[in-house]
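# Overview (structure and organization)
Next come the chains, spelled out residue by residue.
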Amino acid sequence: MIGFLIGLVCGAGELFLLTRVIKAVSAGRSLQTVALVFAKILLFAAALVPVALFFQRELLWCGIGISSVLVAGAVIINVLMRRNGKGDR
């Protein structure tokens, strides 16, 4: 279950960085976009490499944790943006 917890934390960090990447792309800041994408890759590797090395059986659960937080978080952010009138309709 430790892989799942690591996945949840990594997914939350990925979601945070994803929102920052979207804002940087929308504003046309290419250097900041590249830096944030690089940070996303590093965070992803920082979560998966230790799990793959020390908790091999938990690797699937780590991936499930990452993807579940990303999907659920994106849905929640989209619903909140629509309620505030800032999202696409």
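Here we summarise the structure given alongside this text. Quick caveat: nothing in here was measured; it's all calculated off a predicted structure. (Residues numbered from 1 in each chain as written. Predicted model: local features only at pLDDT ≥ 70, side-chain atom pairs only at ≥ 80, totals over all residues. Heavy atoms only, no water.)

## Comments concerning the pattern of salt bridges
Taken as a whole, this structure holds one salt bridge when the rule is applied. The shortest N-O distance in the salt bridge between Glu14 and Lys40 comes to 2.6 Å. Note that Glu14 is positioned in helix 1 (residues 2-27) and Lys40 in helix 2 (residues 30-54), a separation of 26 residues in sequence. Just as Glu14 is buried, Lys40 falls in that class too. (Salt bridge = Lys/Arg side-chain N within 4 Å of Asp/Glu carboxyl O. Helix = DSSP H or I, 4+ residues; strand = E, 2+ residues; numbered from the N terminus. Buried < 20%, exposed > 50% of the residue type's maximum accessible area, 1.4 Å probe, protein only.)

## Points about the packing of helix 2 against helix 3 (residues 59-83)
Taken N-terminus to C-terminus, the directions of helix 2 and helix 3 make an angle of 160 degrees; their axes are 9 Å apart at the nearest point. Regarding the angle of helix 2 to helix 3, the classification is roughly antiparallel. Seen along the crossing, helix 2 lies across helix 3 with a hand that is right-handed. Of the residues in helix 3, those in contact with Phe44, Ala47, Leu48, Val51 and Ala52 of helix 2 are Leu59, Cys62 and Ile66. Tallied by class, residues from the contact of helix 2 with helix 3 come to eight nonpolar, no polar and no charged. (Axes fitted to C-alpha atoms, helices over the stretch in contact; angles between N-to-C directions. Parallel < 35°, antiparallel > 145°, perpendicular 65-115°, else oblique. Left-handed = near helix turned anticlockwise from the far one by under 90°. Contact = heavy atoms within 4.5 Å. Nonpolar A, V, L, I, M, F, W, Y, C, P; charged D, E, K, R; others polar.)

## Digging into the nonpolar core
The biggest cluster of nonpolar side chains holds five residues, and these are Cys10, Ala47, Val51, Cys62 and Ile66. Listed by contribution, the elements that provide at least two residues to this core are helix 2 and helix 3. Once residues lying within four places of it in the same chain are set aside, the contact partners of Cys62 are Gly3, Phe4, Ile6, Gly7, Ala47, Leu48 and Val51. (Core = buried A, V, L, I, M, F, W, Y, C linked by side-chain atoms within 4.5 Å.)

## Brief notes about helix 3
Relative to the 36 Å expected for 25 residues at 1.5 Å per residue, helix 3 spans 37 Å between its end C-alpha atoms, a close match to the ideal helical length. Listed in full, the buried residues belonging to helix 3 are Cys62, Gly65, Ile66, Val69 and Gly73. Where helix 3 is buried, its residues meet helix 1 and helix 2. Trailing helix 3 by a residue or two, Gly85 shows a phi angle of about 80 degrees, which is positive. (Expected span 1.5 Å × (residues − 1).)

Such coordinate-based values are descriptive only and should not be taken to indicate function.
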